[in-house]
Amino acid sequence: LISQDIETLLNQQIKKEAHSSSLYLSMASWCNQNGYDFSSDYFTKQSEEERMHQLKLFKYVLDMGGNAISPEVTGIKTDFAGFREVFEDALEAEIAITQSFKNLASRCLKEQDFVTMEFLNWFLKEQREEEYKARRALELFEVIGEEGTGRWEIDKHVNDITYSE
Ligand code: OFO
């Protein structure tokens, strides 16, 4: 069983993951329409991962006898000032998600809910990878540079980013 507070926080997290999934899909659309097709694929994959995170949390709430809420997602950003801004927003979003999981984890420790804490460990580890990838993508803008065919090069390398522990 989970407490009402933990259930509320988990439902908020479900909504955040759904929001992330929609945001990434919006980024995929913008990238495709502006000629960055590799990045579009990259963000489509990210969107699928966020959906998977959402469902993982959703199942956990139900498994623990709680009321999992199918979230309403609104206010998704669709217009970006440029290619770089898409990646800046992606990193910012991942950092916010990490913070959100940290808040959830600290609530679990306060309540001595070690079962949920153990469940959350998977996400905390996942965030390490997600933040790394987002940061690395942004670094490509520095390493390669945006001038000339720079953005075209950056787009080509986005899917090469891999994370190893
Ligand atoms: Fe990329 O965040 Fe989900 O968990």
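Residues numbered from 1 in each chain as written. Predicted model: local features only at pLDDT ≥ 70, side-chain atom pairs only at ≥ 80, totals over all residues.

A. Examining the UniProt feature "binding site: Fe cation" (unreviewed entry) in the chain more closely. In the numbering used here, UniProt assigns the feature "binding site: Fe cation" (unreviewed entry) to Glu-17, Glu-50, His-53, Glu-94 and Gln-127. Judged by maximum C-alpha separation, these annotated positions cover 111 residues in sequence but sit close together in space, the widest gap being only 12.9 Å. Inspection of the secondary structure puts Glu-17 in helix α1 (residues 4-33). Owing to 25 C-beta atoms within 10 Å, Glu-17 belongs among the buried residues under this scheme. Each residue touching Glu-17, except ones within four places of it in the same chain, is listed here: Glu-50, His-53, Gln-54 and Leu-57. Along the chain, the position of Glu-94 falls in helix α3 (residues 83-111). Residues in contact with Glu-94, not counting those within four places in the same chain, are Gln-127, Glu-130, Glu-131 and Ala-134. (UniProt positions renumbered as here; feature names shortened; annotations may be inferred. Helix = DSSP H or I, 4+ residues; strand = E, 2+ residues; numbered from the N terminus. Buried ≥ 20, exposed ≤ 12 C-beta atoms within 10 Å, placed from the backbone. Contact = placed C-beta atoms within 7 Å.)

B. Representation of the packing of α1 against helix α2 (residues 37-63). In the contact formed by α1 and α2, the axes pass within 8 Å of each other and the chain directions differ by 165 degrees. As far as their axial angle goes, α2 and α1 are roughly antiparallel. Considering how the two elements wind past one another, α1 and α2 form a crossing that is left-handed. Residue composition of the contact of α1 with α2, by class: 13 nonpolar, 12 polar and 5 charged. (Axes fitted to C-alpha atoms, helices over the stretch in contact; angles between N-to-C directions. Parallel < 35°, antiparallel > 145°, perpendicular 65-115°, else oblique. Left-handed = near helix turned anticlockwise from the far one by under 90°. Nonpolar A, V, L, I, M, F, W, Y, C, P; charged D, E, K, R; others polar.)

C. Spotlight on the nonpolar core. Judged by nonpolar contacts, the single largest core of 19 residues is most densely connected at Met-27, Cys-31, Phe-43, Val-86 and Ala-90. Counting only elements with at least two residues in this core, the list comes to α1, α2, α3 and α4 (114-143). Element by element, the count of residues in this core is highest for α1, at 6 residues. Sequence-distant contacts of Phe-43, that is, excluding residues within four places in its chain, are made with Tyr-24, Met-27, Ala-28 and Cys-31. In terms of nonpolar packing, the next biggest core, distinct from the first, is built from 12 residues, Ile-2, Leu-10, Phe-58 and Val-61 among them. (Core = buried A, V, L, I, M, F, W, Y, C linked by C-beta atoms within 7 Å.)

D. A look at the packing of α1 against α3. The N-to-C vectors of α1 and α3 enclose an angle of 170 degrees; their axes lie 11 Å apart at closest approach. Looking at the two axes, α1 sits roughly antiparallel to α3. Together, Asp-5, Ile-6, Leu-9, Gln-13, Lys-16, Ser-20, Leu-23, Met-27, Trp-30 and Cys-31 of α1 and Val-86, Ala-90, Ala-93, Ile-97, Ser-100, Leu-104, Arg-107, Cys-108 and Glu-111 of α3 make up the contact between the two elements. Here the contact of α1 with α3 is composed, by residue class, of 12 nonpolar, 3 polar and 4 charged.

E. View of the environment of Leu-57. Here Leu-57 is to be found in helix α2. Excluding anything up to four places from it in sequence, Leu-57 contacts Leu-10, Gln-13, Ile-14 and Glu-17.

F. α3, seen in detail. With 29 residues, α3 should reach 42 Å at 1.5 Å per residue; the first-to-last C-alpha distance of 43 Å fits that figure. Buried within α3 are the following residues: Val-86, Phe-87, Ala-90, Ala-93, Glu-94, Ile-97, Leu-104 and Cys-108. Buried residues belonging to α3 abut α1 and α4. (Expected span 1.5 Å × (residues − 1).)

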